[in-house]
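Residues per chain are reported as follows:
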Amino acid sequence: MTVKDYMELPYNIVFRHVKDESGEYYFATVQELDGCMSDGATLEEAHANILEAMEGWIETKLEAGFTVPEPLDADKYSGKFVVRLPKTLHRRLAVEAEKEGVSLNQYTLYKLSV
């Protein structure tokens, strides 16, 4: 496959709005391409920059003879998984969810996403 072929694949790009000591900007990473990242003052700029970074990342890997990971197949994930945890943690999460007025499922999803 060529760089162009890889660039046409549906990679998972994650954008994060950042406010820190250096200012306010958007930070972008590609989940499947370890270390491929960029940023921009606007979301549009960050998107253009991450596409450029992806192209360079893929080109460098191919030139060096490395394999380039393909995008993760979203269809193979059901959105469900089973987790075993200590009873005390289960109780604590259930109590916190009740205090927030949400289901344990919603509360756990919130805790995992922050």
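Quick note: structure is the one above.
Residues numbered from 1 in each chain as written. Predicted model: local features only at pLDDT ≥ 70, side-chain atom pairs only at ≥ 80, totals over all residues. Heavy atoms only, no water.

Caption draft 1: Spatial organisation of the overall build of the protein chain. The helix and strand inventory of the protein chain stands at four helices and three strands. Counting from the amino terminus, the protein chain carries its helices and strands in the arrangement α-β-β-β-α-α-α. The globule rule puts the C-alpha radius of gyration for 114 residues at 13 Å, and the 19 Å found for the protein chain is more than 25% above it. Counting only residues that meet the buried cut, the protein chain has 19% of its 114 residues in that class. For the protein chain, the exposed area adds up to about 8,900 Å²; of that, 52% sits on carbon and sulfur atoms. Between the centroid of the 12 positive side chains of the protein chain and the centroid of its 20 negative side chains there is a distance of 18 Å. (Helix = DSSP H or I, 4+ residues; strand = E, 2+ residues; numbered from the N terminus. Rg over C-alpha atoms; globule rule 2.2 N^0.38 Å. Buried < 20%, exposed > 50% of the residue type's maximum accessible area, 1.4 Å probe, protein only. Areas by Shrake-Rupley, 256 points an atom, 1.4 Å probe, with all protein chains shown as cover. Lys, Arg positive; Asp, Glu negative; His and termini not counted. Charge placed at Lys NZ, Arg CZ, Asp CG, Glu CD.)

Caption draft 2: Representation of the sheet that holds strand 1 (residues 13-20). One open sheet accounts for three strands, arranged 1-2-3; its pairing is antiparallel. Only two strands of the sheet have a single neighbouring strand rather than two, namely strand 1 and strand 3 (37-40). Direction aside, neighbouring strands of the sheet carry axes that sit 25° apart on average. In this structure, strand 1 lies alongside strand 2 (residues 23-30), joined through eight bridges in antiparallel fashion. Bridging from a neighbouring strand, V14 pairs with T29 of strand 2. Strands in contact with helix 2 (residues 43-63) are strand 1, strand 2 and strand 3; relative to strand 3, the strand with the most contacts, it is inclined by about 155°. (Pairing = 2+ DSSP bridges. Axes fitted to C-alpha atoms, helices over the stretch in contact; angles between N-to-C directions. Contact = heavy atoms within 4.5 Å.)

Caption draft 3: How the structure looks around the pattern of salt bridges. Evaluated as defined, the whole model comprises two salt bridges. Close ionic contact of E8 with K4 constitutes a salt bridge, the shortest N to O distance being 2.7 Å. You'll find E8 and K4 in the same group, each marked exposed. Linking R92 and E96 is a salt bridge whose minimum nitrogen-to-oxygen distance equals 3.3 Å. Of this pair, R92 and E96 both sit in helix 3 (residues 87-100), four residues apart, which is roughly one turn of that helix. (Salt bridge = Lys/Arg side-chain N within 4 Å of Asp/Glu carboxyl O.)

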